[in-house]
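# Structural characterization, general
For reference, the chains in residue letters:
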Amino acid sequence: MIKGILFDKDGTLIDFFSLWLGAAKAVVIQFLKENELSEEVKERVFYAMGIENGEIDPYAYKSYSEIALDITDELSREQIYLDSRKVRMQLERLFAEYVTESQAQYVETADIKAVLDSLKQRNIWIGLATADTVRSARNCLQRLGVLEKFDYVGADDGVLRPKPEADMFLEFQKKFGLKPQEIAVVGYTYNDIRFARENGGVAIGVLSGVSQEADFCGEADYILNSVGELPQLLEQI
């Protein structure tokens, strides 16, 4: 019986493309400017972020620390050397500024409030496990009007290791006294499926992000079009 659910955020609760592709473009322009880098390396930075020819790699599920390392590694091929810790801080700040101060809109993948209300009626603990920062994650949930419905927010705080490492899963499990098999992970990438499987949870993939069914490599326990179908799934299982 499922007693707790850990949701991914971007691509799962909110539309990935409507926010992050535009955010990435704006952030890269400012990133180049702040580091006095030429436009010639822009595509290399995009590539390091998992964006190529204006499309997002469905396997590009990385924390800011990981993105920063990939960017500094990619730029080093051009004899451009930046400190990855500084790059991480820049990325966190620039993305946070974009989502909190710009006119960026969060487009829900389903009626999130209705879904969460349904889970609450079942006395299910609700958590978030995202590669985003705590500040950005909480800001998103606040703007969606659902922050108070989350019993746990796990994000990139520089201490917890990113998915698929067990840190957020174990913290959620311990906080509510759950068994691994009582926790479902709902996400839009294979990384979320690994996060569930490697920690003994139930893996639920959604097709509302950049992944297709094949991208889950046959390892998801269930595949939904969106989180809107989650209440119906819980009725069945």
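Residues numbered from 1 in each chain as written. Predicted model: local features only at pLDDT ≥ 70, side-chain atom pairs only at ≥ 80, totals over all residues. Heavy atoms only, no water.

## Some details on helix α7 (residues 167–176)
All of the buried residues along α7 are Asp-167, Met-168, Phe-169, Phe-172, Gln-173 and Phe-176. The inward-facing, buried residues of α7 contact β1 (4–7), β4 (125–133), β5 (152–156), β6 (183–187) and α8 (190–197). Directly after α7, the chain includes Gly-177, whose backbone phi takes a positive value near 60°. (Buried < 20%, exposed > 50% of the residue type's maximum accessible area, 1.4 Å probe, protein only. Helix = DSSP H or I, 4+ residues; strand = E, 2+ residues; numbered from the N terminus. Contact = heavy atoms within 4.5 Å.)

## Looking at empty space enclosed by the protein
By the definition in use, this model includes two cavities of 30 Å³ or more. Reported here for the second largest cavity is a volume of approximately 50 Å³. For the second largest cavity, the full set of lining residues is Ser-63, Thr-130, Ala-131, Ala-155, Asp-156, Leu-160, Arg-161, Pro-162, Lys-163 and Met-168. Those elements that place two or more of their residues in the lining of the second largest cavity are β4 and β5. Class assignment of the residues belonging to the lining of the second largest cavity gives a composition of five nonpolar, two polar and three charged. (1 Å grid on protein atoms, 1.4 Å probe; cavity = no way out; pocket = protein on both sides within 12 Å on 5 of 7 lines; lining within 4 Å. Points joined across faces, edges and corners; volume = space filled by probe spheres on them. Nonpolar A, V, L, I, M, F, W, Y, C, P; charged D, E, K, R; others polar.)

## Some points on unusual backbone geometry
The amide bond that connects Lys-163 to the next residue, Pro-164, takes the cis arrangement and shows omega of 10°. Positive phi, normally seen in glycine, also occurs at Glu-36, with a value near 55°. Inspection of the secondary structure assignment puts Glu-36 in the loop between α1 (16–34) and α2 (42–48). Residue classification places Glu-36 among the exposed positions, given a relative accessible area of 74%. At Cys-217, a position not held by glycine, the phi torsion is positive, near 55°. Relative to the helices and strands, Cys-217 resides in the loop between β7 (202–206) and β8 (222–224). Residue classification places Cys-217 among the partly exposed positions, given a relative accessible area of 42%.

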